[in-house]
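A structural walkthrough
Below are the chains, spelled out letter by letter.
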Amino acid sequence: MPQLDLAMQYAAIGAEIRTAVEQVMASQQFVLGREGTALEQEIDKLCGVAHGVGLASGTDALILALRACGVKAGDEVLLPPFTFVATGSAVSALGAKPVFVDIRPDTYNMDPAELARRVTPRTRAIIVVHLYGLPADMAPILAFAKTRKLPVIEDNAQAIGASYKGRPTGSLADAGCLSFYPTKNLSAYGDAGMVVTNSAEIAARVRTLRNHGQSAKYLSSEPGWNSRLDEIQAAILRVKLRHLSNWQRARQSLAAEYNRLFSQFPGVMPPLAPDGFEHVYHQYTIRSEQRDALHKFLSERKIGSTVYYPYPLHLQPLYSALGHRAGNFPHSERAAQEVLSLPMYPELRKEQIARVVETIAEFLKC
Ligand SMILES: Cc1ncc(COP(=O)(O)O)c(C=O)c1O
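Structural notes, computed from the coordinates. All values derive from a computational prediction rather than experimental measurement.

**Brief notes about the sheet that holds strand β12 (residues 277-278)**
- Pairing in this open sheet of three strands is antiparallel, and the strands run β7-β6-β12 from one edge to the other. Among the strands making up the open sheet, the edge pair consists of β7 (167-168) and β12.
- Here strand β6 (residues 163-164) runs beside β12; their pairing, made up of two bridges, is antiparallel. Across the sheet, S163 pairs through a bridge with E278, a residue of β12.

In structure tokens, the structure reads:
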């Protein structure tokens, strides 16, 4: 049993996808066309925002959102160290400095209580990550940002469709960044991303930056680059978007089944979804002190599982010059040693979940 099975999704919707791709081929319009515009409008609706700007990747979404929020070389940006490396490397790409804020051990998301310890006069923005599909606790983060007049960017790469206190993630702060990387809940057949925002100013700036800084045809007012969303990816994403709410419900129901079965024995910590935090289970991630042995045990029994992520950013060779050491961000470090993501995709069957949980129970008895 794989941890993610995209072939099953393709078997179900392949015909719709092929028709959509064929239509793009027939139109012979491959970038910045009607599919991209329609996708932007549909995602705006889903995320409850006024503007969406389609881009080439989620990493570009972070870089361009940071630029649109005024982050420049030498600035500091607060972000959690327990995330995919792109959250930090987007900051580094601008010559800015990532300043890490530890996570809460129960949600794996940024601990708002830690912000005051890490902010400095050079801080220019905060990036919040909704890891694994669970919204971060935005209210105290936004309250802190307001007192310091700092823009907040949501790294919503893993949480499209989630909501916090009734409002969609991506709409909660100054800008939301989406990734449509092939493993994401809404995924392209290649790379793609989007910035969503209620700010007309941020949207206009990202729109200009994604196309060589051109404010009019062949007239560039600042250095941008090419981060245009292509029409084939947009057409595929529009097909998949029609299925997203069903897939989301399936993920939530599968997670509830895992939770029900895991509640019968201790030794494994299932994911938490506090009241008012709607989790979309991009990953169903447990933690165990015997994680590495469990990972091996499952793999020997042909059950796929993955460690997202084994190294927190502050201990990555990429950031050795920042001078962090083990022990600096203990909750992130412990999570990196203990988390394990189990099979999770909408087509997974409850019998398969029972087998995963039985196998873990067998491991715990050894
Ligand atoms: C939390 C997070 N941030 C950023 C990204 C970057 O997105 P992309 O791969 O589309 O550049 C990803 C996914 O890959 C991610 O999971």
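**Points about the pairing of strand β5 (residues 152-155)**
- In β5, alternate side chains face the same way, and those of V152 and E154 on one face and I153 and D155 on the other are all buried.
- Examined bridge by bridge, strand β4 (residues 123-129) and β5 share four bridges and lie parallel to one another. Pairing of V128 across the sheet is with E154, part of β5.
- Note that the unit made of β4, helix α6 (residues 138-148) and β5 has a crossover that is right-handed.

**A few points about the sheet that holds strand β9 (residues 193-197)**
- Strand order in the open sheet formed by seven strands is β1-β9-β8-β5-β4-β2-β3, and the pairing between neighbours is mixed. Two strands bound the open sheet, and with one partner strand each, they are β1 (51-55) and β3 (97-100). When strand polarity is set aside, the average angle formed by the axes of neighbouring strands in this sheet is 25°.
- When strand β2 (residues 76-79) meets β3, the two strands line up parallel, connected through four bridges. The residue of β3 that forms the bridge with E76 is K97.
- Packed onto the sheet, α6 meets β4 and β5 and runs at close to 175° relative to β4.

**Observations concerning the packing of helix α8 (residues 231-262) against helix α11 (residues 350-365)**
- With their axes 10 Å apart at the nearest point, α8 and α11 run at an angle of 35° to one another. Remark: the crossing between α8 and α11 carries right-handed chirality. In contact with S253, L254, E257, Y258, L261 and F262 of α8, α11 contributes K350, I353, A354, V356, V357 and I360.
- For the contact of α8 with α11, the residue count by class is nine nonpolar, one polar and two charged.

**Describing the pattern of salt bridges**
- With the rule as written, the count across this model stands at 22 salt bridges.
- Across the salt bridge formed by R104 and D106, the nearest N and O atoms sit 2.7 Å from each other.
- You can call R104 partly exposed: its relative accessible area is 35%.
- Residues participating in the shared-partner salt-bridge network are R34, E35, E42 and R238.

Quick notes on the rules
- Residues numbered from 1 in each chain as written.
- Predicted model: local features only at pLDDT ≥ 70, side-chain atom pairs only at ≥ 80, totals over all residues.
- Heavy atoms only, no water.
- Pairing = 2+ DSSP bridges.
- Helix = DSSP H or I, 4+ residues; strand = E, 2+ residues; numbered from the N terminus.
- Buried < 20%, exposed > 50% of the residue type's maximum accessible area, 1.4 Å probe, protein only.
- Right-handed = clockwise from strand over helix to strand, strands pointing away.
- Axes fitted to C-alpha atoms, helices over the stretch in contact; angles between N-to-C directions.
- Contact = heavy atoms within 4.5 Å.
- Left-handed = near helix turned anticlockwise from the far one by under 90°.
- Nonpolar A, V, L, I, M, F, W, Y, C, P; charged D, E, K, R; others polar.
- Salt bridge = Lys/Arg side-chain N within 4 Å of Asp/Glu carboxyl O.

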